[in-house]
Amino acid sequence: MKRDSFGSQIGALLAMAGSAVGLGNLWRFPYLVGENGGAAFIIIYIILSFLICLPIFISEFIMGRRSQKNAYATFKNLSGGSAWKWVGLFTIIVPLIVLSYYSVIGGWSIDYLLKSLTFSFSDMAQQNAANSIFTELVTSTWTPLLAHTVFLLVTALVVVVGIKDGIEKFSKIMMPLLFFIVLAIAIYVITLPGAKAGLDYLFRPDFSKIDAKACAAALGQAFFSLSLGFGTIMTYASYVDKNDNIMKQSTATALSDLMFALIAGVAIMPAVFAFGLDPQSGPGLVFETLPYVFGQMPAGGLVAILFFLALLVAALTSSISMLEVAVAYLMEEKKFSRVSACVALFIFCWIIGAVCSLSFGPLSGITIGGNNIFNFLDTLSSNVLMTLGSLFTVIFVGWRLKKTDVYEEFTNGGSLSANVKLFGVLWFLVRYVAPLAIIFIFISGLI
Ligand code: PHE
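These remarks concern the structure in this document.

The rules we used
- Residues numbered from 1 in each chain as written.
- Predicted model: local features only at pLDDT ≥ 70, side-chain atom pairs only at ≥ 80, totals over all residues.
- Heavy atoms only, no water.
- Near = heavy atom within 4 Å.
- Polar contact = N/O pair within 3.5 Å; in protein donor to acceptor, adjacent residues only side chain to side chain.
- Areas by Shrake-Rupley, 256 points an atom, 1.4 Å probe, with all protein chains shown as cover.
- Helix = DSSP H or I, 4+ residues; strand = E, 2+ residues; numbered from the N terminus.
- Nonpolar A, V, L, I, M, F, W, Y, C, P; charged D, E, K, R; others polar.
- Core = buried A, V, L, I, M, F, W, Y, C linked by side-chain atoms within 4.5 Å.
- Buried < 20%, exposed > 50% of the residue type's maximum accessible area, 1.4 Å probe, protein only.
- Contact = heavy atoms within 4.5 Å.
- Patch = residues over 30% accessible without salt bridge, like charges linked within 9 Å, V, L, I, M, F, W, Y side chains within 5 Å.
- Salt bridge = Lys/Arg side-chain N within 4 Å of Asp/Glu carboxyl O.
- Expected span 1.5 Å × (residues − 1).
- Arc of directions from axis to C-beta.
- Phe/Tyr/Trp six-rings, centres within 6.5 Å; stacked < 30°, edge-to-face > 60°.
- Lys NZ or Arg CZ within 6 Å of the ring centre and 35° of its normal.

1. Remarks on the site of the ligand
What surrounds the ligand is a group of 15 residues, the closest being A20, G24, Y102, F224 and F230. G24 places a polar main-chain atom, nitrogen or oxygen, 2.8 Å from an oxygen atom of the ligand. When isolated, the ligand has an accessible area of 320 Å², and the protein chains bury 100% of it. Of all the elements in the fold, those that place two or more residues in the shell around the ligand are α1 (9-20), α2 (23-35), α10 (212-225) and α14 (300-333). Here the shell around the ligand is built from residues that sort into six nonpolar, nine polar and no charged.

2. Describing the nonpolar core
Generally speaking, soluble globular proteins have nonpolar side chains that are buried together. Formed by 157 residues in total, the largest nonpolar core has its most connected members in I52, W108, L178, V286, F287, F307 and F308. Sorting elements by how many residues they give to this core places α14 first, with 21 residues. If we skip the residues at most four places from it in the chain, F308 touches S109, Y112, L113, S116, F121, V286, F287, P291 and F294.

3. A look at the side chain of H148
With respect to the helices, strands and loops of the structure, H148 is situated in helix α7 (residues 142-161). Look at H148 and you get buried, because its relative accessible area is 0%. Not counting residues within four places of it along the chain, the set of residues in contact with H148 comprises S100, S103, V104, G107, C349, W350, G353 and A354.

4. Section: a nonpolar patch on the surface
Taken together, the side chains of V339, V343, I347, I351 and V355 define a hydrophobic patch exposed on the protein surface, amounting to about 400 Å² of accessible area. As for its placement among the helices and strands, I351 is situated in helix α15 (residues 338-358). Judged by relative accessible area, I351 falls into the partly exposed class, the value being 47%.

5. As for α7
Because an α-helix packs 3.6 residues into every turn, residues spaced three or four apart end up facing the same way. The terminal C-alpha atoms of α7 lie 29 Å apart, and with 20 residues this matches the ideal 28 Å at 1.5 Å per residue to within 8%. Buried residues of α7: P144, L145, A147, H148, F151, L152, T155, A156, V158 and V159, and no others. Immediately beyond the C-terminal end of α7, within one or two residues, lies G162, with a positive phi of roughly 115 degrees.

6. Observations concerning the environment of V160
Turning to its location among the elements, V160 is positioned in helix α7. Taking relative accessible area as the criterion, V160 reaches 26% and is therefore assigned partly exposed. Sequence spacing of V160 and E324 is 164 residues, and the spatial spacing of their C-alpha atoms is 9.1 Å.

7. As for helix α9 (residues 195-203)
Restricting attention to buried positions, one finds in α9 the residues A195, G198, Y201 and L202. The arc enclosing the buried residues of α9, seen along the axis, measures out at 120 degrees, which places them on a common side. Turning to α9, the residues buried within the fold contact α2, α3 (39-67), α8 (163-190) and α12 (246-274).

8. Observations regarding the packing of aromatic side chains
Two descriptors summarise a pair of aromatic rings, namely the distance from one centre to the other and the angle between the planes of the rings. Under the definition given, this model contains 34 aromatic pairs. Note on F6 and Y239: the rings are 6.2 Å apart at their centroids and 85 degrees apart in plane angle, and the pair reads as edge-to-face. In this pair, F6 is assigned in the segment before α1 and Y239 in the loop between α11 (232-237) and α12, connecting sequence segments 233 residues apart. Consider the rings of Y112 and F134, whose centres lie 6.4 Å apart with planes at 70 degrees: the pair is edge-to-face. One end of the pair, Y112, is in helix α5 (residues 84-117); the other, F134, is in helix α6 (residues 127-139), with 22 residues separating them in the sequence. In terms of burial, Y112 and F134 fall into one category: buried. One aromatic cluster is present, built from ring pairs that chain together Y101, W108, Y112, F121, F134, F287, F294, F307, F308, F360 and F374. The ring of F224 carries R28 above its face, with NZ or CZ at 4.7 Å from the centroid.

9. A closer look at the side chain of S49
Along the chain, S49 turns up in helix α3. Using a relative accessible area of 6% as the deciding quantity, one classes S49 as buried. Within polar-contact distance, the side chain of S49 engages the backbone oxygen of Y45 at 2.8 Å. In contact with S49, not counting residues within four places along its chain, are L54 and A222.

As C-alpha cells, this is what we get:
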C-alpha cells in the first residue's frame, strides 16, 4: 500500500506550524515571560530559537524526509541497525506521555470554553473567585476526566482519517482561524487603557533578571514550542515531498511559532497589567488570572470565548502531531491498521492522562520529588526528556550520518543554491554549537 503523504507544500507547512503552535505558545510562553522578567527573556529566547533550535529542527526534518519512515525506523535504518534504534523508541514513547497530560490541559480548555459560552466569567468581581473556579475544576474527579476524554477522542478522530485528509485538512482550516482570533484579541487588548505597562514589560529588557536558570528555561521552552526531541517533526517530515525546500519550511515554521508566542504575549500581558495584576502568577496565568481579567474588561465575555477557543484549537493541532508519531510506528513496525493503532493509543494515553488528571484531586497524595504526578511528568518531559531527545538528534545528524547524505537531503541533491551556500553554517551549528550549547545550558540550569 502506498504510504500516505501531505498533499501540498502549504499543507505540510501548516501541519508543522500546527504542531509547533500550541499550549506552549498560549499558555506556557506568557507565564514564563512573566516569571523570568519580560523582555530580556524574550531576547534570549529568540537567540536560542534560531541559533540552536532551528538547526535541530532542520536535523529532524532531514532525518525524517530522508528515511520516509516512522521515527523508530528512521534512527534504525539511517544508523544501519545499531543501538541508535533505542533512541528511536524513546522518541516514540515520550510524545505519548506528553500527549497524556497535554490532553488534560486540553480538557480544561474545553471546560473553560463552555464556561465562557455561558458567560460565567462576566462580572467576576474578585480574583479569588477566578482562582476558586480553577481549583474546583482541577481537583474534582469527573468533569476534568470527561473533558480529557473528549479532547483525546477528537485528537484520535482527526488522526484516524490519515495524513492528507485528516491532519493536513484540519490544520489548513484551524491555523488561519487561530491566527485571526489571536491577532484580533491582541489588537483589542492594546487599545485598553493601562495596556502600555504590559507592553513595556514585554519589550523593555532588564538583563539583570537573566541568569543560568532563565537561559535553561528559555531553551526548554524553545524545544517544547518547536516540538523538538519528540519524533514529531521527524514523523511529519517523512510525509513531506522530496522536492520541498527544507530550509524554507523549517524557517517558516520557526517564524510562525515565534510570531504566535509574541502575539499571545501581547494579547495577555497588557491585559494583565491593565487590570493591575501580577504577571508572575505562573501556570495559573491563563486559567486563573485571565478569567478575572475577562470579567473586568469591556466585552470580556466575547474575548473569553475567543481566547479559550483559540487555546483549544492550538492544543488540538499539536496533540494530533504527538499521536501520529506512535501511530506511524505501530502501523509500519507492528502492522496495525490506522484504526486499531488509534484505538490502542487512545486507551493507553487515556489511562495515563486520567492518572494525571486525578493527581490534582483524589490522587494528590502521591508525590514524586514534591510534585504531583502531572507536574512531575510535565517537568520531566519538558526539562529533561526533550533536551535528551534533541541532543541525540543533533549528535546523530552531525556525527553519525554521512556529511554527503545530509548535504544531499538539505540541498535537494545540490539543486537549491541558497541551501548549498548555507550548508557550511548549518553543519557547523549542528556539529558543534548546538550540542555544546545544549549540554552547557542544561548543566548550568541544574546548578
Ligand atoms: N509545540 C507544542 C506546543 O507548543 C507542544 C508539542 C511538543 C507538540 C512536542 C508536539 C510535540 O504546545
